Amino acid sequence: MNSPTPSGPPDGPLHAQGRDGGAQPSHPAHSRRRVLTHAGAALAGLVGGVLIGITADSGGNDKAAPSPTATMTVTSAQTVIATPGADEVSAPAPSSAKPFAFGDTWKLSNIDPTKPFEGSLTVLAYKQGFTSVGKADEEAGMPGYVWAYTDLELCGVKGSYTDNTTSWTLYYSDGSRIGPSGTTYGDFPKPEFPFEVTVTAGKCARGKLVFPVPGDKRPESVLYKPDGVAEPREWTVPKA
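Structural notes, computed from the coordinates. This one's a predicted model, so the numbers in the text were calculated from it and none came from an experiment.

1. Observations concerning unusual backbone geometry
Backbone torsion omega between Lys190 and Pro191 reads -5°, so that peptide bond is classified as cis. Take Pro191: it is sitting in the loop between β10 (183-184) and β11 (196-200).

Right under this line is the structure:
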């Protein structure tokens, strides 16, 4: 199966403003890329020399340092400079910003005046243990895995924004992280969240993103980290 190469968000990193409170064929339909892109790939979606920032939902002082390509200021007031060719660990760590609850909305905006975007992102639900013609433990390469999904919604208010599913991971209390399924089956829960999607003003993308997960554990949170953003945003998974 061919795996589409994630492009990352071409409009650059985002600026956080606040929170608002059947069956189908049994063979894989397409493949998804499970590993998150390296930091060097993040530069492909950035405009050279543009200074871009992210501000905390809870407030605080933002700082920006000069960079040959782009500088991202994140919610914890840390500054990360994107370096061409950098080989960083792809799995994100939990965010230091206060986690959201399911149903809470992260308001997004891109402060680059040449490519303005305003929108919102929400994690609505998590369900673990549904069945499929495909086996989660076969994909994971070890026994005891089951399928789970998160219900996601990305909406645009102004401009356009493109993203893909490699921005999402599940975080566990022991530090382990799991990316989305690399394969989709016809009987996966519908609607599915698209592998790559562009939202524009007044349009949304809503669907379920599937993960192979250990059946005896439950994730602590759902993390979102698009390319070019140093620190993920986090939604806490309720206890079963």
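2. Thoughts on the layout of surface pockets
The calculated volume of the second largest pocket comes to roughly 160 Å³. Tyr172, Ser173, Asp174, Lys217, Arg218, Pro219, Glu220, Thr236, Val237, Pro238 and Lys239 are the residues that line the second largest pocket.

3. Things to note about the pairing of strand β8 (residues 168-171)
Burial along β8 is two-sided: Trp168 and Leu170 facing one way and Thr169 and Tyr171 facing the other are all buried. Bridging between β8 and strand β13 (residues 221-224) involves four bridges; their strand directions are antiparallel. Its bridge partner lying in β13, Tyr171 is registered against Ser221. Sheet analysis places β8 next to strand β9 (residues 177-178), joined by two bridges and oriented antiparallel. Within β9, the residue paired with Leu170 across the bridge is Ile178. Where β8 hands over to β9, the hairpin turn is made up of five residues, of which Gly175 adopts a positive phi near 95°.

4. Considering the pattern of salt bridges
All chains considered together, the criterion is met by three salt bridges. Here Asp174 makes a salt bridge to Lys217, at a shortest N to O gap of 2.7 Å. Residue Asp174 is found in the loop between β8 and β9, and its partner Lys217 is found in the loop between β12 (204-214) and β13; the two are separated by 43 residues along the sequence.

5. Structural notes on the nonpolar core
By size, the foremost hydrophobic cluster in this structure holds 26 residues, and its most contacted members are Leu121, Leu154, Trp168, Val213 and Trp235. Elements supplying a minimum of two residues to this core: β5 (105-110), β6 (117-130), β7 (145-164), β8, β11, β12 and β13. Those residues in contact with Leu154, other than ones at most four positions away along the chain, are Leu108, Ser120, Leu121, Tyr161, Phe193, Val197, Val199, Lys203, Cys204 and Ala205. Of all hydrophobic cores here, the second largest spans seven residues; its members include Ala136, Trp147, Tyr149 and Tyr185.

Cut-offs and rules
Residues numbered from 1 in each chain as written. Predicted model: local features only at pLDDT ≥ 70, side-chain atom pairs only at ≥ 80, totals over all residues. Heavy atoms only, no water. Helix = DSSP H or I, 4+ residues; strand = E, 2+ residues; numbered from the N terminus. 1 Å grid on protein atoms, 1.4 Å probe; cavity = no way out; pocket = protein on both sides within 12 Å on 5 of 7 lines; lining within 4 Å. Points joined across faces, edges and corners; volume = space filled by probe spheres on them. Buried < 20%, exposed > 50% of the residue type's maximum accessible area, 1.4 Å probe, protein only. Pairing = 2+ DSSP bridges. Salt bridge = Lys/Arg side-chain N within 4 Å of Asp/Glu carboxyl O. Core = buried A, V, L, I, M, F, W, Y, C linked by side-chain atoms within 4.5 Å. Contact = heavy atoms within 4.5 Å.

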